[in-house]
There are 2 protein chains.
Amino acid sequence: MEKYVFGIDVGGTTVKCGLFQTDGALLEKWEIPTRTENSGEAILPDIAESVKAKIAEKQLDPAEIAGVGIDVPGPVNEEGVLSIAVNLNWKDKDIVKELSGLLDGMRVKAANDANAAALGEMWAGGGKGTRNLIMVTLGTGVGGGIIVDGKIVAGAHGAGGEIGHACVDPEEETACNCGNHGCLEQMASATGIARLAKKYLANNDTPSSLRSRGDSISAKAVFDALKEGDQAASEIVEEFSEYLGNALAIFSCVIDPEVIVIGGGVSKAGQILIDGVKKYYQRDAFVPCKETPIVLAGLGNDAGIYGAARMLLD
Amino acid sequence: MEKYVFGIDVGGTTVKCGLFQTDGALLEKWEIPTRTENSGEAILPDIAESVKAKIAEKQLDPAEIAGVGIDVPGPVNEEGVLSIAVNLNWKDKDIVKELSGLLDGMRVKAANDANAAALGEMWAGGGKGTRNLIMVTLGTGVGGGIIVDGKIVAGAHGAGGEIGHACVDPEEETACNCGNHGCLEQMASATGIARLAKKYLANNDTPSSLRSRGDSISAKAVFDALKEGDQAASEIVEEFSEYLGNALAIFSCVIDPEVIVIGGGVSKAGQILIDGVKKYYQRDAFVPCKETPIVLAGLGNDAGIYGAARMLLD
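1. Structural notes on the overall build of chain A
Next up, step 1: In terms of helices and strands, chain A carries ten helices and twelve strands.
Next up, step 2: Here chain A has a C-alpha radius of gyration of 20 Å; the compact-globule value for 314 residues is 20 Å, and the two agree.
Next up, step 3: Its C-alpha atoms give chain A principal-axis dimensions of roughly 65 × 45 × 35 Å.
Next up, step 4: Every one of the 314 residues in chain A was classed for burial, and the buried ones make up 58%.
Next up, step 5: Counting contacts in chain A only where the partners sit at least 6 residues apart, residues at least 24 apart contribute 61% of the total.
Next up, step 6: Taken as a whole, chain A presents about 12400 Å² of accessible surface, with 48% of it coming from carbon and sulfur.

Encoded structure:
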């Protein structure tokens, strides 16, 4: 009888680790540094050692461990092979095979970090109780994850859920980091919102508390100003909301999820953000999908370890 | 050992029926009329009788029959329950339960017709050999189907794959049949292309062979004129291609399919249509997805019976 499962969320500076019960209870979490030097060759051995140490410390019976789930910042295909993770100095890595080998053949599954976060939110967060959801993570960039029938949609090129690169405005002249023009990420990430704000303030005379910030304007400042009734902030958030709400409505036509979960730093703005996005989502969504709930993520930075662990429990 | 499977495709005027081998070979196909009177109460009994007659005629052993797959023009959820099919005069119908009851408990699965067509194309058409695809059907309307891991994505409200109602132009003033404004269907269906053509000709002076057609302009006429070098037709097709190519690029970010299949009457225009759409798809698709093949559907009007049958073979 399997009682325990590990979830490992690999970031560019730290590796978050979690030991879970298979019923979803988080028993313990801890972190180790991510050693990215020498093509990140120490990362997987460090993780294996940390998992083994935890098994020894807790005196767990290997027969009771469902396995280790791991997520990384890069595209991972359905077999658990990563093509590239710039922040880890990794390229073409068979994560499942390597980590399983370091753990004496223990069962391992691997996924992209945004996809794992979506699965975590399904297991224990904003999408708890569902099996089909879209998660969008509004951070420095815009990440996403798609869950269909309780499983991550990894995609043919590991690009499933890469909704930050949906081209929502082909006329946009500034290029996205990906090289395309008009990606959702350019409109709805923290940096995207700051960009919309600077553009708005340069092209309009509306008085605004944001003007005193000059170039240091941030998404948080925009939402803070909105909450204080700032007119310019209100119009900037409308623009952001229309981009994101329309995009979510389009995504809904594709997989018709039970719920849409919004997470990431920008989502700390809270219900006011959901309300704005919902207005345009409901305008544009196909009739049967107009009432699909749009909710805030519930697990914060722990979504990755939850989702990584959940992969082992199909 | 199951050797045979039935695929039934219910349309507003005829029901297409197919008897397949489980290896995908179509042994026989035939049609019966769709009797939509009295809330379409005779449709399922007619189908059951036709299936039983074929079993008797071919002297099939019931133990060798995998079951009956059926698709209908309306939203069907994962349990095989239909909410509404206007063309059949059906509402809130438990298709699986009813048809299985009429067939002495035989295994039955049900799906939306566009979703079944997508699965059929995966089994034996343009997407043969894949397990993840997006199919778009350009007919009077724009239908679609999404296949992930070899299965139809039915969606929480039976609206999975309803990509014809992706809101690609919120500024559009004309309303779609669904009540929204700016649906892909208004730009990329046969009627949508005719609409774009009329608008273009009204707003531009470009000489064109299409002008002599007046209001009877059709999508086929536009593509025919394009093939003859008509400049206006070329610009109309560019507009259609940009709408559809951009939309497919957005859908690709969601599930990252192995292949995109284009079917329906409009797709009879052939490779010239694919080439136009691909140009804008490649402009807007996320880098790892730019080379995703876009191909013509291979099964024509038989896609439905193939996909309906394929549902039983998971």
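2. Some points on the nonpolar core
Next up, step 1: Counting 114 residues, the largest nonpolar core has Phe-240 of chain A together with Phe-240 of chain B as the members making the most contacts within it.
Next up, step 2: For Phe-240 of chain B, the residues in contact, after removing those within four places along its chain, are Leu-138, Met-187, Ala-188, Ile-193, Leu-196, Phe-223, Leu-273 and Val-277 of chain B.

3. Structural notes on the pairing of strand S7 (residues 108-112) of chain B
Residue and element names in this part refer to chain B.
Next up, step 1: In terms of burial, S7 is a largely internal element, four of the five residues being buried.
Next up, step 2: Across five bridges, strand S4 (residues 65-72) lies against S7 in parallel orientation. Along S7, the bridge assignment pairs Ile-70 with Ala-110.

4. Topic: the interface of chain A and chain B
Next up, step 1: Across the boundary between the two partners, chain A contributes 41 residues, which contact 41 residues of chain B.
Next up, step 2: Carbon and sulfur atoms supply 62% of the area that chain A and chain B bury against each other, a total of about 3300 Å² over both sides.
Next up, step 3: Ranking the residues of chain A by area buried against chain B places Val-254, Asp-256 and Phe-286 of chain A at the top, with a combined share of 19%.
Next up, step 4: Linking chain A with chain B are zero salt bridges.

5. Topic: unusual backbone geometry
Next up, step 1: In the Ramachandran plot, Gln-59 of chain A falls in the positive-phi region, its phi being about 50 degrees despite a non-glycine side chain.
Next up, step 2: Looking at the secondary structure, you find Gln-59 of chain A in the loop between helix H2 (43-58) and strand S4 (65-72).
Next up, step 3: Backbone geometry at Ser-39 of chain B places phi at a positive 55 degrees, although glycine is not the residue there.
Next up, step 4: Mapping Ser-39 of chain B onto the fold places it in helix H1 (residues 37-40).

6. Considerations on the relation of the copies chain A and chain B
Next up, step 1: The two copies are related by a screw operation: chain A maps onto chain B through 180 degrees of rotation and 0.0 Å of translation along the axis, at an RMSD of 0.0 Å. Between the two chains, the operation in question is that of a two-fold axis. The rotation axis passes nearest to the C-alpha of Phe-251 of chain A in chain A, at a distance of 3.5 Å.
Next up, step 2: A share of 100% of interface residues in chain A that are also interface residues in chain B marks the association as one of identical surfaces.

7. With respect to the environment of Leu-299 of chain B
Residues and elements named next belong to chain B.
Next up, step 1: Structurally, Leu-299 is set in the loop between strand S12 (294-296) and helix H10 (303-310).
Next up, step 2: Taking the C-alpha atoms as reference points, Leu-299 and Ala-110, separated by 189 residues in sequence, lie 20 Å from one another.
Next up, step 3: In this structure, Leu-299 is in contact with Gly-120, Glu-121, Ala-124, Gly-125 and Tyr-306, ignoring residues within four places of it in sequence.

8. Structural notes on the packing of aromatic side chains
All names here are of chain A.
Next up, step 1: Tallying each qualifying case throughout the model produces ten aromatic pairs over all chains.
Next up, step 2: Here Phe-20 and Trp-123 contribute two aromatic rings whose centre-to-centre distance is 5.7 Å and whose plane-to-plane angle is 45 degrees, an arrangement assigned as tilted. Remark: Trp-123 occurs in helix H4 (residues 113-124) and Phe-20 occurs in strand S2 (residues 14-21); sequence separation between them is 103 residues.
Next up, step 3: Measuring from ring centre to ring centre gives 4.7 Å for Phe-20 and Tyr-306, while their planes differ by 65 degrees; the resulting arrangement is edge-to-face. Here Phe-20 is found in strand S2, whereas its partner Tyr-306 is found in helix H10 (residues 303-310), with 286 residues between them in sequence.
Next up, step 4: The buried category is assigned to Phe-20, whose relative accessible area is 0%.

9. Regarding the side chain of Asn-246 of chain B
Next up, step 1: Note on placement: Asn-246 of chain B falls in helix H8 (residues 231-255).
Next up, step 2: By relative accessible area, Asn-246 of chain B is classed as buried at 11%.
Next up, step 3: Sequence-distant contacts of Asn-246 of chain B, that is, excluding residues within four places in its chain, are made with Cys-167 and Pro-170 of chain A together with Ser-241, Tyr-280 and Asp-284 of chain B.

10. A few points about the sheet that holds strand S2 (residues 14-21) of chain B
Strands in a sheet are paired, the pairing made by backbone hydrogen bonds, and the direction either parallel or antiparallel.
All names here are of chain B.
Next up, step 1: A sheet is described by the order of its strands in space; here five strands give the open sequence S3-S2-S1-S4-S7, paired in mixed fashion. A single partner strand is all that each edge strand has here, and the edge strands are strand S3 (26-33) and S7. Direction aside, the axes of adjacent strands within the sheet are offset by 15 degrees on average.
Next up, step 2: Here helix H3 (residues 95-102) sits on the sheet and contacts S4 and S7; the angle it forms with S7, its principal contact strand, is near 140 degrees.
Next up, step 3: Sheet strands in contact with helix H4 (residues 113-124) are strand S1 (4-10), S2, S4 and S7, and its direction is about 110 degrees off that of S7.

11. Here's the deal with the packing of helix H6 (residues 190-203) of chain A against helix H7 (residues 219-227) of chain A
Residues and elements named next belong to chain A.
Next up, step 1: Look at H6 against H7: their axes get within 8 Å of each other, and the N-to-C directions meet at 65 degrees. Contacts between H6 and H7 involve Ala-190, Ile-193 and Ala-197 from the former and Ala-219, Val-222 and Phe-223 from the latter.
Next up, step 2: Looking at the contact of H6 with H7, its residues break down into six nonpolar, no polar and no charged.

12. Things to note about the confidence of the model for chain A
Next up, step 1: Averaged over every residue, the pLDDT of chain A is 96; residues scoring 70 or more account for 100%.
Next up, step 2: This complex was scored by the predictor with a pTM of 0.95 and an ipTM of 0.95.

13. A few points about the pattern of salt bridges
Opposite charge on two side chains permits them to pair, given that their charged atoms come into close proximity.
Next up, step 1: Following the criterion strictly, the structure yields 36 salt bridges over all chains and no others.
Next up, step 2: The salt bridge involving Asp-149 of chain A is made with Arg-131 of chain A; its shortest N-O contact spans 3.5 Å. One end of the pair, Asp-149 of chain A, is in the loop between strand S9 (142-148) and strand S10 (151-152); the other, Arg-131 of chain A, is in the loop between H4 and strand S8 (133-138), with 18 residues separating them in the sequence.
Next up, step 3: Given the relative accessible area of 40%, Arg-131 of chain A is considered partly exposed.
Next up, step 4: The shortest N-O distance in the salt bridge between Glu-242 of chain B and Arg-283 of chain B comes to 2.9 Å. Of the two residues, Glu-242 of chain B sits in helix H8 while Arg-283 of chain B sits in helix H9 (residues 271-284), which places them 41 residues apart along the sequence.

What counts as what
Residues numbered from 1 in each chain as written. Chains lettered and ligands numbered in written order. Predicted model: local features only at pLDDT ≥ 70, side-chain atom pairs only at ≥ 80, totals over all residues. Heavy atoms only, no water. Helix = DSSP H or I, 4+ residues; strand = E, 2+ residues; numbered from the N terminus. Rg over C-alpha atoms; globule rule 2.2 N^0.38 Å. Buried < 20%, exposed > 50% of the residue type's maximum accessible area, 1.4 Å probe, protein only. Contact = heavy atoms within 4.5 Å. Areas by Shrake-Rupley, 256 points an atom, 1.4 Å probe, with all protein chains shown as cover. Core = buried A, V, L, I, M, F, W, Y, C linked by side-chain atoms within 4.5 Å. Pairing = 2+ DSSP bridges. Buried area = accessible area lost by both parts, 1.4 Å probe. Salt bridge = Lys/Arg side-chain N within 4 Å of Asp/Glu carboxyl O. Least-squares fit on C-alpha atoms with pLDDT ≥ 70 in both. Phe/Tyr/Trp six-rings, centres within 6.5 Å; stacked < 30°, edge-to-face > 60°. Axes fitted to C-alpha atoms, helices over the stretch in contact; angles between N-to-C directions. Nonpolar A, V, L, I, M, F, W, Y, C, P; charged D, E, K, R; others polar. pLDDT = per-residue confidence, 0-100.

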